[in-house]
Amino acid sequence: MSENDRPIGTSGSAVSRRAVFTALGVGIGIGAVGLPTAASAATPGWSNPTLGTLTSGYKTPSRPDHAGWDIANSQGTPVYAIAAGTVRDIRTGSYPGDPTSGPLPGRTGNSVHIDHADSYFSYYGHLHRVLVSDGQRVLAGQLIGLMGTTGNSTGPHLHFEVHRPRLTTTDPRTFLANRGISLGSTAPLGSTGWPSVSQGTTSWVARVIQYLLRGRGISVVVDGYFGSGTTTSVRTFQSSKGLYVDGVVGPITWTALILPLQQGNSGDLVRGLQVALNARGASLTVDGAFGSVTATAVRNFQSSRGLAADGVVGPVTWSTLI
Ligand SMILES: [Zn+2]
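In this report, we go over the structure that sits alongside the text.

Cut-offs applied
- Residues numbered from 1 in each chain as written.
- Predicted model: local features only at pLDDT ≥ 70, side-chain atom pairs only at ≥ 80, totals over all residues.
- Heavy atoms only, no water.
- Core = buried A, V, L, I, M, F, W, Y, C linked by side-chain atoms within 4.5 Å.
- Buried < 20%, exposed > 50% of the residue type's maximum accessible area, 1.4 Å probe, protein only.
- Helix = DSSP H or I, 4+ residues; strand = E, 2+ residues; numbered from the N terminus.
- Domains from an automatic or database assignment.
- Contact = heavy atoms within 4.5 Å.
- Expected span 1.5 Å × (residues − 1).
- Salt bridge = Lys/Arg side-chain N within 4 Å of Asp/Glu carboxyl O.

### Considerations on the nonpolar core
Step number 1: Membership of the largest hydrophobic core comes to 43 residues, with the highest contact counts inside it found for I209, W254, L273 and W318.
Step number 2: Breaking this core down by element, the ones donating at least two residues are β9 (143–146), α4 (204–215), α5 (228–240), α6 (251–257), α7 (268–279), α8 (292–304) and α9 (315–321).
Step number 3: Ranked by the residues each element gives to this core, the list is headed by α4, at 7 residues.
Step number 4: In terms of domain composition, this core takes at least three residues from each of domain 1 (53–177) and domain 2 (204–321).
Step number 5: Setting aside chain neighbours within four positions, we find W318 in contact with W194, V208, L212, I258, L259, L261, L269, G272, L273 and V313.
Step number 6: The next biggest cluster of nonpolar side chains, apart from the first, holds 26 residues, and it includes A81, A83, V87 and I144.

If you want it as structure tokens, here you go:
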């Protein structure tokens with residue numbers, strides 16, 4: 001995919017933001033305006049990379065060169081960033097059975113490599129689709145791709161590695177266990193509390209979906225009614241992302257629709273956020289400008305739900321709002 005999913009309209013240059021969050025020691029893109037405190041920005045957030053069954057372990061006696069864990073599920077199962085970071089070395093265009101290495105030596109198939117804070121990296125291999133682009137910043141739990149069997153693989157699974165430092169692997173199951181995440185779990189992730197919304201719905205949720213579609217470049221009328229026009233637009237979006245095309249906004253489509261938002265962003269994605277915040281008790285003008293008033297509403301909502309009140313709307317805050 002060549003699309004750059006970075007939110008538009010962020011204040012400040014990429015260079016200054018990079019400098020700011022490097023100084024804070026965290027991997028999320030905090031805007032130059034409305035910085036949270038270092039303590040709240042550094043609040044760790046971790047996600048399981050996918051749901052499925054463990055099928056092969058890290059450097060086992062029979063596979064001493066296997067530098068990660070394999071988690072198997074059906075093709076198209078969502079794959080998530082384990083933590084905030086910056087996408088590096090993506091590979092697309094590979095196919096099942098493709099024996100050639102990607103940007104990282106010895107790794108075959110479509111893949112994403114994420115550069116996290118604190119000199120560690122995560123690697124996601126054999127993907128069916130890559131849904132992020134090089135240099136894109138992601139948050140914990142953000143959808144980055146779909147499980148597949150591209151490259152040297154015998155069936156759909158995620159090959160998952162953790163490197164610290166880069167290209168020096170460590171056992172990713174132990175790494176995540178030390179952070180409260182059970183690799184290979186089939187229990188729901190933290191950010192899957194999404195409703196399934198389909199044609200016939202009239203509500204603020206339909207209005208949010210319409211704003212998100214527009215924010216993602218899909219033409220749709222924003223009227224709060226999920227009619228045939230909205231269904232067509234959802235199908236167009238699903239097709240553009242390589243998702244199953246059914247016109248229903250369920251958990252996978254939701255996680256593909258949203259993008260992380262923070263103070264300084266603007267546009268229809270922010271309008272969607274403001275509609276959701278108003279439905280949760282705020283009294284915002286739906287103007288598409290993520291300024292200090294919207295940031296305060298986000299922090300109030302996060303506090304009320306026991307979330308880290310950092311004012312950054314990532315996947316967990318989004319799914320709690322909807
Ligand atoms: Zn593997």
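### Things to note about α7
Step number 1: Between the first and last C-alpha of α7 there are 17 Å, a value that for 12 residues agrees with the 16 Å anticipated at 1.5 Å per step.
Step number 2: Counting buried positions over the 12 residues of α7 gives 9, a clear majority of the element.
Step number 3: What α7 keeps buried is the set D268, L269, V270, G272, L273, Q274, V275, A276 and L277.
Step number 4: One or two positions beyond α7, positive phi appears at G281, with a value near 110 degrees.

### Some points on the pattern of salt bridges
Step number 1: Counted under the stated rule, the structure contains 7 salt bridges.
Step number 2: Of the charged contacts in the structure, one is a salt bridge between R214 and D268, with a shortest N-O distance of 3.5 Å. With R214 in helix α4 and D268 in helix α7, this pair connects stretches of sequence that are 54 residues apart.
Step number 3: D268 gets classed as buried once you look at its relative accessible area, which sits at 16%.
Step number 4: Here the residues in one salt-bridge network are R214, D268 and R271, joined through shared partners.

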